[in-house]
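# Structure assessment
Below, each chain spelled out in residue letters.
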Amino acid sequence: MTEQCVHLLDYFNRSLTEEELLAFEHHLEECPSCSAELEELNLLTEDLPYLADEIEVPSTLKAKVFAAIDEQPASVVNDSKPFSTNVEEFPQPKKVIQPRKRKGPLVPVLAAALVASLMTNAYLATMDDSAPTEVAESDLQLIGKALLDPQPGADNATAVAMMIKDNNETVLLVDASNLPKLKDNELYQVWVIDKETPQPAGSFKPTVDGNGSVTHPMDQLKGDWDTVAITIETEPNLPSPKGSIVLAGNI
Amino acid sequence: MKHTDDGTLYALAAAKDRSAFELLYDRYEKLIFSFAYRLTQDREIAEEVVQDVFVKLWNGTTTYKEEKGSFSSWLLTVTRNKAIDEIRRLKRHDHEPMIEKDSLIEQPGSVENTVEWGEQRNSIRNAVLELKQEQQEIIELFYFKGLSQQKIADQCKLPLGTVKGRIRLALKHLKGFIAQEGGFSND
Ligand SMILES: [Zn+2]
C-alpha cells in the first residue's frame, strides 16, 4: 500500500487530474494489489450496465453516427502510399484477433490461422470487393468475402465466407457462429451456387456453442458461382441440398 | 446478449469492413444508448456518447483486446468512461445529487419490458433489491454517477478511508445475489 493506492477508485471513475492520472497509471504497472483490485472492480461491475431500462433509440441516431464516420479523415491506410509506411499507424496489433473464444480444437488449424492472419491484417483496410488485395507479411490474398445473412429460424446466426489465396492454393473459408443446435445425425453443409446450380463446398459439425468453420479447395468448385449458403443436412456433400437454409449471402 | 461472433465482426470492422461494423452497430446500438442514458439521464448526451463510442471504434482510437474481457464488457466500459467524462464536463452532478430520485432501480412501468437483456436485467434487479438501501445507494453514486471518492464520502457521510471497502462489499454482495438469481453472467 503506497500513497498512490488511494487513487484507485478515482482512477476507475476518471476523476484524477492529468498529472495524477499519469502517476497512477505508472503506479498501476508496478502495484500488483492495485491491478488486482482494478480487475476485481471491472469484474464486480460487469453486470451493472444491464440494469439500464431499454430506451427507444432516436430513429436519426444511426444516420448521425454513420455521417460522423464518413466525415472522418481518410483512413490511416492510404492507397497511394506503400503499405510499409502505414503499418505502424494502424491501430490493430496482431493479438487483437484472438478474441475468438473457441473451446477445444474445433476450428481447423488452417482456418484459424487464415482468419487470424487475414483479419488482423492492416492492409485489409483498403479492401475493396472488386480488387484482389495484397496481404502483407505473407502470401495470403483475400480475393473476396461476404457476410452471410441469417435466414428465418436462425436469427442470431452469423457467418463470414472468404476466398483466400495462399501461394498456389485458393480456398473458400466459411466461419459461422450462433448456429442453431443440430440433432445427432445432422451436420452443416456449405454450398456455392451458380444461378440455380448448387455444389457442396465442405461440411462441418458445430461446437456446443454453435460455432464452426470449414475450408474447401476452390479448384474443386466449378462454374461462376456467386452465392454461398449453409444448410442443415443429414449426409455430407449431397449433389444438392435437401435441408433448410440457415445462412446465405453473395460473394 | 450472447454473440460469440463479436470478435470476428470487430476484427473485420477494425479492418474497415463497413458491413461488419454496421452489424456490430445494429447489435449494440440499443444497449449502448440505453446504458448511456442510464448514466447521463439525458437523451442528447446519450446520443453524443453513442456517436463518440462508435466513431472511435471505427477509426481505431479505441481498440479492443481479448485480454480486456468480452467485447460487450469492453464496449460498455468505453461507454461508461465517455458518459462519466461528459457528466463531469457538464458538472451535472454538482447541482443534482438527487439521491432520493436516483435510486439504483428506476421507477417501474416507465418503459416496456420487451427487451433483449430483459432477463439479465430482471435477475440483476432482483439481486439489487436484496441489498441494503445504503449499499444500493453507494453503487449508484460510485458506478452510475461516477462520483469521486471524496464526494461519495461526503454524500454517504462516511470517512474517506472506508469508502472503497464499502463499495467492494456492496458489489460483492450484489455479485453473490446475482449468482443466486440463476446465474446470469455475461460471457
Ligand atoms: Zn497500489
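Everything numeric here is computed off the predicted structure, so don't read it as measured data. (Residues numbered from 1 in each chain as written. Chains lettered and ligands numbered in written order. Predicted model: local features only at pLDDT ≥ 70, side-chain atom pairs only at ≥ 80, totals over all residues. Heavy atoms only, no water.)

## What to know about the packing of helix H2 (residues 18–40) of chain B against helix H7 (residues 133–144) of chain B
Residue and element names in this part refer to chain B. Contact geometry of H2 with H7 gives a least axis separation of 10 Å together with a crossing angle of 110°. Taken as axis vectors, H2 and H7 run roughly perpendicular relative to one another. H7 is crossed by H2, and the crossing has left-handed handedness. Together, Phe35, Arg38 and Leu39 of H2 and Glu140, Tyr143 and Phe144 of H7 make up the contact between the two elements. Its residues assigned to classes, the contact of H2 with H7 shows 4 nonpolar, no polar and 2 charged. (Axes fitted to C-alpha atoms, helices over the stretch in contact; angles between N-to-C directions. Helix = DSSP H or I, 4+ residues; strand = E, 2+ residues; numbered from the N terminus. Parallel < 35°, antiparallel > 145°, perpendicular 65-115°, else oblique. Left-handed = near helix turned anticlockwise from the far one by under 90°. Contact = heavy atoms within 4.5 Å. Nonpolar A, V, L, I, M, F, W, Y, C, P; charged D, E, K, R; others polar.)

## Regarding the environment of threonine 231 of chain A
All names here are of chain A. By the secondary structure assignment, threonine 231 is in strand E8 (residues 227–233). The class of threonine 231 is buried, set by a relative accessible area of 2%. It is 6.6 Å that separates the C-alpha atoms of threonine 231 and valine 190, two residues lying 41 residues apart in sequence. Not counting residues up to four positions away in its chain, the partners in contact with threonine 231 are Leu187, Tyr188, Gln189, Trp191, Pro241, Gly243, Ser244, Ile245 and Val246. One polar contact links threonine 231 to glutamate 233, side chain to side chain, over a distance of 2.7 Å. (Buried < 20%, exposed > 50% of the residue type's maximum accessible area, 1.4 Å probe, protein only. Polar contact = N/O pair within 3.5 Å; in protein donor to acceptor, adjacent residues only side chain to side chain.)

## Observations regarding helix H9 (residues 163–180) of chain B
Each full turn of the α-helix corresponds to 3.6 residues, which orients residues three or four apart in the same direction. Helix length check: H9 of chain B, at 18 residues, gives a terminal C-alpha distance of 26 Å against a target of 26 Å (1.5 Å per residue), a fit within 8%. Within the sequence span of H9 of chain B, burial applies to Val163, Lys164, Ile167, Ala170, Leu171, Leu174, Phe177 and Ile178 of chain B. Buried positions in H9 of chain B, seen along its axis, are confined to an arc of 160° and lie on one side of it. Away from its buried face, by an angle of more than 90 degrees, H9 of chain B presents the exposed residues Ala179 and Gln180 of chain B. For H9 of chain B, the secondary structure elements touched by its buried residues are helix H1 (8–12) and helix H3 (32–45) of chain A together with helix H6 (118–129), H7 and helix H8 (149–156) of chain B. (Expected span 1.5 Å × (residues − 1). Arc of directions from axis to C-beta.)

## Brief notes about the interface of chain A and chain B
It is common to give the size of an interface as the accessible area that goes away when the parts come together. Each partner contributes residues to the interface: chain A has 63 residues there, and chain B has 88 residues. Each partner contributes to the roughly 7000 Å² buried at the junction of chain A and chain B, and carbon and sulfur atoms together form 59% of this total. Its largest share of buried area at the contact with chain B, chain A owes to Tyr50, Leu51 and Glu54 of chain A, together 13% of the area lost on that side. On the surface where chain A and chain B come into contact, there are 14 salt bridges. Here lysine 64 of chain A ties to glutamate 47 of chain B by a salt bridge, and the two come within 2.6 Å at their closest N and O atoms. Taken together, chain A and chain B are joined by 27 residue pairs in polar contact (both at pLDDT 80 or more). Going through the elements one at a time, H1, H3, helix H4 (61–71), strand E2 (140–150), strand E3 (158–166) and strand E4 (169–177) of chain A are the ones with two or more residues in the side of chain A that touches chain B. With 8 residues, H4 of chain A is the single largest residue contributor to the side of chain A that touches chain B. For the side of chain A that touches chain B, the class distribution of residues is 33 nonpolar, 13 polar and 17 charged. (Buried area = accessible area lost by both parts, 1.4 Å probe. Salt bridge = Lys/Arg side-chain N within 4 Å of Asp/Glu carboxyl O.)

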